[in-house]
Number of protein chains: 2
Amino acid sequence: MAGRLVVVTTPQRVDADLGWALGRVTRAHLHTAQEVLSGLPGGPRGYQVLAAANDGEVSTQLAIARMLGVDRTVMTYLLDELEGAGLVERRPDPADRRARRIVLTAAGRERLCDLDRRLREAEEQLLAPLLPAERDTLRELLRRLATGAAQDGASACQVAEEIAATDGC
Amino acid sequence: MAGRLVVVTTPQRVDADLGWALGRVTRAHLHTAQEVLSGLPGGPRGYQVLAAANDGEVSTQLAIARMLGVDRTVMTYLLDELEGAGLVERRPDPADRRARRIVLTAAGRERLCDLDRRLREAEEQLLAPLLPAERDTLRELLRRLATGAAQDGASACQVAEEIAATDGC
DNA sequence: ACAAGATAGTCTGTGAAGCAGAACATCTAG
DNA sequence: CTAGATGTTCTGCTTCACAGACTATCTTGT
């Protein structure tokens, strides 16, 4: 209200709400992802389980569940389906016989690799309204937020561009 | 597979997945929002309905439903609750007697204003891992993605900083 | 002016999805 | 060796949102 010399943008407008934008983008992403991942057991979450299991650092069911933010009881039937499709295996953890290590089968790795590529394409289409550099910035900012990591040196606007050229697979 | 000379970053790691980051951040935001909005009928979505109805441009139930990405049948009981709490009113649309215009009551505007402020604080805490400028960049990028708008001139990294100083209410 | 189809809102049923809680096996600490 | 914590699975329940039908109104074509 005070007469500051300010463009009067964003006073309680929905499209200024972070929650609204997040929800909308997430929903849109989920939608495109579901098309790409329609055949995969568990859909988008099935993919995330594959990806989580693939990078090895987290591999027990509970660790994956926590990383993906799903209930542990959900992991059970998610993995049932993925295992049934021959994409992952539940191996006894040698260090802790209560736990199961989730490892990808050869088919699983192959499938993941393929999906990864197609997902990337779909995402780029989703991010079309942004400039290429901005897309990388967004990815990087979201990644850092999701991991809870603070900036490690340079600003994201620069960092993002350095990440660009990777091949996948 | 082919021996390209490439830094082997981000080969199918979960935390490189846009969907994963989006889901995680959205979930975190929803969680903090739910604390702030615990008393509000409809929770976070109740807030979004208030915000959508407040900016006037979209005001019929269906328009709001589409903007928020909820089913029209859900709007009915969402609005029932908000109306029951005396925060909004359903007024007949003079131009179309099928439609209802959703308008905020005085109490609704006041409530929205208060929630808006507290939500902002909570969000800033959520965005703590990012630098202040990066937070604005993220907000701006997400907003543009959500509205589907392409960049209108300057890059977001600059644009965001110009938006900063607004008062709300 | 009238009929036919589209659209806004509401209501009812149904199906799915996920969580709480218990059960079982195993680990860790005292 | 006991007591409590932790990983996984299973059962039951609640919740929630979607499909579909229904009414009222708008729109279009003839």
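No experiment lies behind these values; they were computed from the predicted model shown. (Residues numbered from 1 in each chain as written. Chains lettered and ligands numbered in written order. Predicted model: local features only at pLDDT ≥ 70, side-chain atom pairs only at ≥ 80, totals over all residues.)

Colleague: Explain the overall build of chain A to me, please; I cannot follow it from the model alone.
Modeller: The number of helices and strands found in chain A is 7 helices and 2 strands. Secondary structure elements of chain A, listed N to C terminal, follow the sequence α-α-α-α-β-β-α-α-α. Counting across all 169 residues of chain A, residues that qualify as buried make up 40%. By sequence separation, contacts in chain A at least 24 residues apart represent 43% of the contacts at least 6 residues apart. (Helix = DSSP H or I, 4+ residues; strand = E, 2+ residues; numbered from the N terminus. Buried ≥ 20, exposed ≤ 12 C-beta atoms within 10 Å, placed from the backbone. Contact = placed C-beta atoms within 7 Å.)

Colleague: In this structure, what is going on with the protein's contact with DNA strand C? I would like to understand it.
Modeller: If you check the shell around DNA strand C, you find 17 residues, and the closest are Asp71 and Arg97 of chain A together with Gln61, Leu62 and Thr73 of chain B. Elements with a minimum of two residues in the surface near DNA strand C: helix 4 (72-84) and strand 2 (96-104) of chain A together with helix 3 (61-68), helix 4 (72-84) and strand 2 (96-104) of chain B. In terms of residue count, helix 4 of chain B provides more of the surface near DNA strand C than any other element does, 4 residues in total. In terms of residue class, the surface near DNA strand C is made up of 4 nonpolar, 5 polar and 8 charged. (Near = placed C-beta within 6 Å. Nonpolar A, V, L, I, M, F, W, Y, C, P; charged D, E, K, R; others polar.)

Colleague: Can you help me understand helix 6 (residues 132-147) of chain B in this one?
Modeller: All names here are of chain B. Here helix 6 spans 23 Å end to end across 16 residues, near enough to the 22 Å set by a 1.5 Å rise per residue. When you tally the buried positions in helix 6, you get 13 out of 16 residues, the bulk of the element. Positive phi shows up at Gly148, right after helix 6, with a value of about 75°. (Expected span 1.5 Å × (residues − 1).)

Colleague: I'm lost on the protein's contact with DNA strand D in this one. Help?
Modeller: Not every one of the 18 residues close to DNA strand D is listed here, only the nearest: Gln61, Leu62 and Thr73 of chain A together with Asp71 and Arg97 of chain B. Listed by contribution, the elements that provide at least two residues to the surface near DNA strand D are helix 3 (61-68), helix 4 and strand 2 of chain A together with helix 4 and strand 2 of chain B. In terms of residue count, the dominant contributor to the surface near DNA strand D is helix 4 of chain A (4 residues). Split into classes, the residues belonging to the surface near DNA strand D amount to 5 nonpolar, 5 polar and 8 charged.

Colleague: Could you clarify how one ought to interpret the domain arrangement of chain A in this entry?
Modeller: Interface size, as often reported, equals the accessible area lost upon joining of the parts. Residues and elements named next belong to chain A. For chain A, the assigned domains are domain 1 (14-126) and domain 2 (127-169). On the domain 2 side, the residues contacting the 7 residues of domain 1 number 4 residues. Partitioned by chemical class, the residues of the side of domain 1 that touches domain 2 number 2 nonpolar, 1 polar and 4 charged. (Domains from an automatic or database assignment.)

Colleague: Can you help me understand the nonpolar core in this one?
Modeller: As a rule of thumb, nonpolar side chains are buried together in soluble globular proteins. One finds Ile64 and Leu142 of chain A together with Ile64 and Leu142 of chain B to be the most contacted residues of the largest nonpolar core, which totals 76 residues. The residues touching Ile64 of chain A, leaving out its near neighbours within four places in the chain, are Val49, Ala52, Ala53, Val58, Met75 and Ile102 of chain A. (Core = buried A, V, L, I, M, F, W, Y, C linked by C-beta atoms within 7 Å.)

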